[in-house]
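What follows is the residue order along each chain.
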Amino acid sequence: MLLWVILLVLAPVSGQFARTHKSIIFLQPPWTTVFQGERVNLICKGFRFYSTQKTKWYYRYRGKEISRETQKNTLEVQESGEYRCQAQDSPLSSPVYLDFSSASLILQAPLSVFEGDSVVLRCRAKAKVTLNTTIYKNDNVLAFLNRRTDFHIPHASLKDNGAYRCTGYKETCCPVSSNTVKIQVQESFTRPVLRVSSFQPISGSPVTLTCETWLSLERSDVPLQFCFFRNDQMLGSGWSLSPKFQITATWSKDSGSYWCKAATMDYSITSNSLRSWIQVQIPASHPVLTLSPEKALNFEGTKVTLHCETQEDSLRTLYRFYHDGVPLRHKSVRCEKGASISFSLTTEHSGNYYCTADNGRGAKPSEAVSLSVTVPVSHPVLTLSSAEDLISEGAKVTLHCEAQRGSLPIVYQFHHEDAALGNRSAHSARGVSISFSLTAEHSGNYYCTANNGFGPQRSEALSLSVTVPVSRPVLTLSSAEALTFEGATVTLYCEVQRGSPRILYQFYHEDVPLGSNSTPSVGKVSFSFSLTAGHSGNYYCTADNGFGPQRSEAVSLFVTVPVSRPILTFRAPRAQAVVGDLLELHCEALRGSSPILYGFYHEDVTLGKISAPSGGGASFNLSLTTEHSGIYSCEADNGLEAQRSEMVTLKVAVPVSRPVLTLRAPRAQVAVGDLLELHCEALRGSPLILYRFYHEDVTLGNSSALSGGAFFNLSLTAEHSGNYCCEADNGLGAQRSETVTLYITGLTANRSGPVATGVTGGLLSLAGLATGALLLYCWLSRKAGREPASDLCRSPSDSDSQEPTYHNVPAWEELQPVYSNVNPRGENVVYSEVQIIREKKKHAVASDPRHLRNKVSPIIYSEVKVASTPVSRSLFLASSAPHR
């Protein structure tokens, strides 16, 4: 079950009230504590409850916050910390803290618990902890679970609040305790409040009752039902899904104590509102207000009486008097019928009067009666629209003349140095105003007069001084051509051409104040400072003489900073650089003005140069070959001084090539018991190379070599016939040689003797013929005055005894037979073919069998063939076993 994070802001939803549409995080699984290595899915819900649009996620751990965006509303995490989300068109969610614990025993609980929930607390242990579990609440034993993992709270309530933990035993030593989980059971909905459309309804009028409650956003889909009561008696048909109940008409019998009850559909959770008293009112008839005396009511000091009376007057009727809607504080006097108040007129008594009568069933007002008191005007007051002493040229100024007392209408007259400016008539007590734009001629004294027919009254004079605002200032720099280096001193000058003193100047760098200065006259002020890298940017100044600051145009200043020593780093697809890999050389100077030109070097040879127009670093890519091993460096230059990085050494590894397997024997006729040497060599590859030797895919042994290949010796037996191969591996991928087939053959008792004798004789004859042909070829070559193409003429006495060498030669197909005996009649008889191959390299003589490979000799490959049967390329070594 997914549990939502608690939110606290309210908003109406579907006739009830639920939390505002703030983003919420669901957990799956629902635990806030899990073991390290496990994963938790976060699901973000927003205003559109089932939306899967883009979602922003925020992760904070140890003061560092990381944000990311997903295309859907889910995120899988496995790191401890605080998570928040923001669904599209929804506010940011409340934080949820997840703990990926390394402890051996943990207690898991849901994120939030509400009244009536079925809650599971799960105690989980790692392999070395025995779950003989005990559950504690507030450090008191709550239950013994034995080997069970779950503790159930079937119907959560406020009594289940507390701190929970569980314990177990480690197999080897001692008890162990889990983390502590705090359970705070929350209300699914708040205690209802009864809202009443009127607590004192007039008899016969309707009344609406509303049972108002607030659902938690996590429970916004929980339906509620409502019931209303008067004096503990249920109203209407009882429980209803509507939170409203209307009484269509209220009468005196409907007065009483009202309250409501809200409950879930299964009545598992109920809550009552407080009681509210409703009193139905029966109104009195409208009263009549009269004035006495009715005439001579125009002058201050006249005494007047107000009398209020209703037709059904009684001692229970309460009378109130009002002047322009404000209750009069005069003490009313009960008469034989109705009530009266008396007072002497002042100017404040002009206006409308009415009274109300209330017999406890609602107040009824009378019709209004107008009263006008005539009062001579008082001395008017002249004011300016601005309270400042300095009024700027061209500004619009307003003169306002107002008499605090006096009957309307009042005629006002404005004067400048005794010259009339104009008059206005006022029909309200707010006075009149005139406006005009100031020039220098408007300086001087002003006053006004007010007259309502009892003679004009003059205000006090007001002096007006017109001043000139400052012009737009000009900002200049000293020695602008020398202001590009750190440490230089620069002076800013700010000057205005026009304006009334005193003038306040302020200097700014990128809207940040630098300092201020004031001058009593028009001129310029200065501000000096020593340059650092942070002083690059735009500068401006302002001038103000009390009428608002004027801002200069911005002046740009660029401080050039030499580059720092760059850092060269390698970026390769793996830890060991290998031939064919794409290597990225990244060079970056952490400090320095842009643009920066970066140069890349290998053994002081320039590889290339790249410019970084906006600063930062630059990269250069290489497709690696063996020649790329060596020392690399880079250089950063922004025109001031070039800086070279430290040198970095790169070693490029070469994968091994396909090895060549060579078999060497001590003589042409190899017998059982002879020592056979297997030589495996990869002609290309970075050391150290590990060689492995195989016979019929069975490992014979292995050996490591820096160069020259590796050797493996065999003392031959009849079982050594078969396929041989070898493998080379330097950690960058193993390579296997071609297969070399070795046959150690013997003949049967019936045919092997004659056949072997014949074959041996034939082979010896062919060898003799071949030797004669070679000697003849050598003699003819010398006679012709030239050396033979190869050292085929070397006599046996000039070298050591010849040794047969057997190996897998890639160009076997190119070998041509020297001699061959064939069956002219095409019968199924045995014939032989001899091939001679000369080694290309010369080796030193070694008496040790392990160094048989160092002897130089022509290599004879002998094959015994049957005319009717094709025979694959293979090596036959004669067995020394006796023939039968």
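Model, not experiment: these values are computed from the prediction. (Residues numbered from 1 in each chain as written. Predicted model: local features only at pLDDT ≥ 70, side-chain atom pairs only at ≥ 80, totals over all residues. Heavy atoms only, no water.)

Draft legend 1. The overall build of the protein, seen in detail. From N to C terminus, the protein includes 1 helix and 76 strands. Taking all 884 residues of the protein together, 42% fall into the buried category. Of the contacts made within the protein by residues no fewer than 6 positions apart, 61% connect residues no fewer than 24 positions apart. Working note: accessible area of the protein is about 47600 Å², and carbon and sulfur atoms make up 52% of it. (Helix = DSSP H or I, 4+ residues; strand = E, 2+ residues; numbered from the N terminus. Buried < 20%, exposed > 50% of the residue type's maximum accessible area, 1.4 Å probe, protein only. Contact = heavy atoms within 4.5 Å. Areas by Shrake-Rupley, 256 points an atom, 1.4 Å probe, with all protein chains shown as cover.)

Draft legend 2. Seen up close, unusual backbone geometry. Cis rather than trans, the peptide bond between Ser-594 and Pro-595 has omega equal to 0 degrees. The residue Pro-595 is located in the loop between strand S57 (582–588) and strand S58 (596–602) in this model. Cis geometry is found at the peptide bond from Pro-687 to Leu-688, where omega equals 0 degrees. Relative to the elements of secondary structure, Leu-688 occurs in the loop between strand S65 (675–681) and strand S66 (689–695). At Arg-62, a residue that is not glycine, the phi angle is positive and equals roughly 55 degrees. Relative to the helices and strands, Arg-62 is located in the loop between strand S6 (55–61) and strand S7 (64–70).

Draft legend 3. Representation of the state of the cysteines. Taken as a whole, this structure holds 8 disulfides when the rule is applied. Shown here is the disulfide that connects Cys-587 with Cys-634, its sulfur atoms set 2.1 Å apart. The sign of the S-S torsion, about 70 degrees, decides the handedness of the disulfide formed by Cys-587 and Cys-634: right-handed. Linking Cys-587 in strand S57 with Cys-634 in strand S61 (residues 630–637), this pair joins segments that are 47 residues apart in sequence. Considered together, Cys-587 and Cys-634 belong to a single accessibility category, that of buried residues. In this model Cys-227 remains outside any disulfide bridge; the closest cysteine sulfur is found in Cys-260, 9.2 Å from its own. (Disulfide = S-S within 2.5 Å.)

Draft legend 4. Expanded view of the nonpolar core. Core analysis: the biggest nonpolar cluster contains 22 residues, and Leu-661, Leu-663, Leu-676, Leu-678, Tyr-691 and Phe-693 have the highest contact counts within it. Elements supplying a minimum of two residues to this core: strand S64 (660–664), S65, S66, strand S68 (710–715), strand S69 (722–729) and strand S71 (740–745). Those residues in contact with Leu-676 that sit more than four places away from it in its chain are Leu-663, Arg-664, Ala-665, Phe-712, Asn-713, Leu-714, Leu-716 and Leu-742. (Core = buried A, V, L, I, M, F, W, Y, C linked by side-chain atoms within 4.5 Å.)

Draft legend 5. Fine view of the environment of His-586. With respect to the helices and strands, His-586 occurs in strand S57. With sequence-adjacent residues up to four places away left out, His-586 is seen in contact with Ile-567, Leu-568, Thr-569, Arg-571, Phe-600, Gly-617, Ala-618 and Ser-619.

Draft legend 6. Spatial organisation of the packing of aromatic side chains. Under the counting rule described, the total for this entry stands at 15 aromatic pairs. Three or more aromatic residues link up through ring pairs in this structure, and these residues are Phe-507, Phe-527, Phe-529 and Tyr-539. Above the face of the Tyr-447 ring, Arg-458 is positioned so that its terminal group lies 3.5 Å from the ring centre. Lying over the aromatic face of Tyr-601, Arg-644 brings its terminal NZ or CZ to 4.1 Å of the ring centre. (Phe/Tyr/Trp six-rings, centres within 6.5 Å; stacked < 30°, edge-to-face > 60°. Lys NZ or Arg CZ within 6 Å of the ring centre and 35° of its normal.)

Draft legend 7. Quick peek at the sheet that holds strand S60 (residues 617–623). Taken in spatial order, the 3 strands of this open sheet run S56-S57-S60, and their pairing is antiparallel. Two strands lie at the open edges of the sheet, namely strand S56 (567–571) and S60, each paired on one side alone. Direction aside, neighbouring strands of the sheet carry axes that sit 20 degrees apart on average. Where S56 and S57 come together, 5 bridges link them in antiparallel fashion. Residue Phe-570 lies in a different strand from S57, and its bridge partner there is Leu-585. (Pairing = 2+ DSSP bridges. Axes fitted to C-alpha atoms, helices over the stretch in contact; angles between N-to-C directions.)

Draft legend 8. Here's a closer look at the pattern of salt bridges. A complete count under the given rule lists 19 salt bridges for this structure. Of the charged contacts in the structure, one is a salt bridge between Arg-574 and Asp-581, with a shortest N-O distance of 2.9 Å. We classify Asp-581 as buried; its relative accessible area is 8%. Of the charged contacts, one joins Arg-644 and Asp-604 as a salt bridge, the two residues approaching to 3.7 Å between their closest N and O atoms. Placement of Arg-644 in strand S62 (residues 643–644) and of Asp-604 in the loop between S58 and strand S59 (605–612) is noted, with a sequence separation of 40 residues between them. Judged by relative accessible area, which is 56%, Asp-604 ranks as exposed. Within the structure, one salt-bridge network assembled from shared partners comprises Arg-692, Asp-697, Glu-727 and Arg-736. (Salt bridge = Lys/Arg side-chain N within 4 Å of Asp/Glu carboxyl O.)

Draft legend 9. Representation of the pairing of strand S3 (residues 24–28). The element S3 is largely enclosed, with a buried count of 4 among its 5 residues. As defined by bridge partners, S3 adjoins strand S5 (residues 40–45) across 5 bridges and the pair is classed as antiparallel. The residue of S5 that forms the bridge with Gln-28 is Asn-41.

Draft legend 10. Representation of the sheet that holds strand S40 (residues 396–403) in the model. Pairing is antiparallel in the open sheet, where 3 strands are placed in the order S38-S40-S43. Strands at the two margins of the open sheet, each flanked by one partner only, are strand S38 (380–384) and strand S43 (432–437). Strand after strand, the sheet turns through a mean of 15 degrees between neighbouring axes, direction not considered.

Draft legend 11. Just the confidence of the model for the protein, in detail. The predicted model of the protein averages 78 in pLDDT, with 78% of residues at 70 or higher. Scored below 50 in pLDDT, residues 1–15 makes 54 contacts in the model with residues more than four places away or belonging to other chains. Low pLDDT, under 50, characterises residues 781–884; the stretch is placed with 202 contacts to residues that sit more than four places away or in other chains. (pLDDT = per-residue confidence, 0-100.)

Draft legend 12. Representation of the pairing of strand S49 (residues 489–495) in the model. Strand direction decides the pairing type here: strand S48 (residues 474–477) and S49, joined by 4 bridges, are antiparallel. The partner of Val-474 across the bridge, within S49, is Glu-495. Pairing of S49 with strand S52 (residues 524–530), which is carried by 7 bridges, proceeds in the antiparallel orientation. Paired with Cys-494 across the two strands is Val-525, which belongs to S52.

Draft legend 13. Fine view of the environment of Pro-409. Position of Pro-409 relative to the elements: it lies in the loop between S40 and strand S41 (410–416). Sequence-wise, Pro-409 and His-427 are 18 residues apart; in three dimensions their C-alpha atoms are separated by 4.8 Å. In contact with Pro-409, not counting residues within four places along its chain, are Ser-425, Ala-426, His-427, Asn-451 and Asn-452.

Draft legend 14. Quick look at the environment of Glu-584. With respect to the helices, strands and loops of the structure, Glu-584 is situated in strand S57. The spacing of Glu-584 and Ser-623 is 39 residues in sequence and 9.0 Å in space, taken between C-alpha atoms. Look past the residues within four positions of Glu-584 in its chain and what remains in contact with it is Thr-569, Phe-570, Arg-571, Ser-619, Phe-620 and Asn-621. For Glu-584, the side chain forms a polar contact with the side chain of Ser-619, separated by 2.6 Å. (Polar contact = N/O pair within 3.5 Å; in protein donor to acceptor, adjacent residues only side chain to side chain.)

Draft legend 15. Geometry of the side chain of Ser-178. The topology assignment puts Ser-178 in the loop between strand S18 (175–177) and strand S19 (181–183). Excluding residues within four positions of it along the chain, Ser-178 makes contact with Leu-105, Ile-106, Leu-107, Arg-165 and Cys-166.

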